[in-house]
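Per-entry structural report
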Amino acid sequence: NAGVTQTPKFQVLKTGQSMTLQCAQDMNHNSMYWYRQDPGMGLRLIYYSASEGTTDKGEVPNGYNVSRLNKREFSLRLESAAPSQTSVYFCASSLNNYGYTFGSGTRLTVV
Amino acid sequence: AQSVSQHNHHVILSEAASLELGCNYSYGGTVNLFWYVQYPGQHLQLLLKYFSGDPLVKGIKGFEAEFIKSKFSFNLRKPSVQWSDTAEYFCAVNAAAGNMLTFGGGTRLMVKP
């Protein structure tokens, strides 16, 4: 039972490069989320998808795009990476807000 | 919009000491409340959650939290900490009718052996 799987686990990008973070869940959850974690700031919501086919901005969406490919998969794209996007990114999923399961995270460094 | 405040950013305790971590939230409606723990290098794991009913919630590893609605608080407690409790602790809240889980800034706990 994998839960929430994120890839890659680590990534180094140069400023201006693009990349996509992948997330998949196998729990048949309807909602999925992307958070970033920065020291002293907790986790901040970037984008979420309440159900398949819908996406909404969270607290810090600038510089990111998302795609809810199907019920299982929710990807996060950085079109032109900036050093301010250096962070640890977590994907999560939930079923009707009654419990959130987190992936193991992606540590991204933009140089 | 909802917000969550954790007043203690860093806490250092000796083993067997009692722990209380503060959490206050701002939101006028019905909320679901959570405490998550993140051990070094790992992802977030759920410690306990409150949806309704008894305001004293017991979670894993001997942790408990009390929801005090009048104070908009959900403080985490443990009577006797262990070195293995060294971790970062996050309080989180979402509106019962909403979709966004909002986190506090976290409290980094260090337990000295």
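Residues numbered from 1 in each chain as written. Chains lettered and ligands numbered in written order. Predicted model: local features only at pLDDT ≥ 70, side-chain atom pairs only at ≥ 80, totals over all residues. Heavy atoms only, no water.

1. Here's the deal with the overall build of chain B
Cut-off, in case you're wondering: Only DSSP runs of H or I reaching four residues or more are called helices, and only runs of E reaching two or more are called strands; each is numbered from the N terminus. Note on method: radius of gyration uses C-alpha positions; expected globular size equals 2.2 Å times residues raised to 0.38. In this scheme, a residue with accessible area under 20% of its type's maximum is buried, one over 50% is exposed, and one in between is partly exposed, where area comes from a 1.4 Å probe on protein chains only. By definition in these notes, contact holds between two residues if any of their heavy atoms fall within 4.5 Å. The protein chains shown are the only cover counted for residues, whose accessible areas, like all others here, come from Shrake-Rupley with a 1.4 Å probe.
Helix and strand content of chain B: 0 helices and 12 strands. Of the regular secondary structure in chain B, the N- to C-terminal order runs β-β-β-β-β-β-β-β-β-β-β-β. Taking 2.2 N^0.38 as the reference for a compact globule, 113 residues should give roughly 13 Å; the C-alpha atoms of chain B span a radius of gyration of 13 Å, in line with that estimate. Projected onto its principal axes, the C-alpha positions of chain B cover 45 × 30 × 20 Å. With 113 residues in all, chain B has 48% of them scored as buried. The long-range fraction of contacts in chain B, counting pairs at least 24 apart against all pairs at least 6 apart in sequence, stands at 55%. Counting every atom, chain B has about 5,400 Å² of accessible surface; 54% of that belongs to carbon and sulfur.

2. Overview of the packing of aromatic side chains
Formally: Classification of ring pairs rests on two measures: the distance between centres of Phe, Tyr or Trp rings, Trp counted by its six-membered ring, which must be within 6.5 Å, and the angle between planes, read as stacked under 30 degrees, edge-to-face over 60 and tilted in between.
Considering all chains together, one arrives at 17 aromatic pairs over all chains under this definition. Here a set of aromatic residues connected by ring pairs shows up, and it is made of Y33(A), Y35(A), Y48(A), Y100(A), F102(A), F34(B), Y36(B), F51(B), F90(B) and F103(B).

3. Focus on the nonpolar core
Filter applied, for reference: Working definition of a nonpolar core: buried Ala, Val, Leu, Ile, Met, Phe, Trp, Tyr and Cys residues. They are joined through side-chain atoms within 4.5 Å.
Ranked by internal contacts, the top residues of the largest apolar core, which has 28 residues, are L33(B), W35(B), L47(B), L48(B), F74(B), L76(B) and Y89(B). Here F74(B) is in contact with C23(B), L33(B), F34(B), W35(B), L48(B), Y50(B), A65(B), E66(B) and F67(B), once residues within four sequence places are set aside. The next biggest cluster of nonpolar side chains, apart from the first, holds 20 residues, and it includes C23(A), V60(A), Y64(A) and V110(A).

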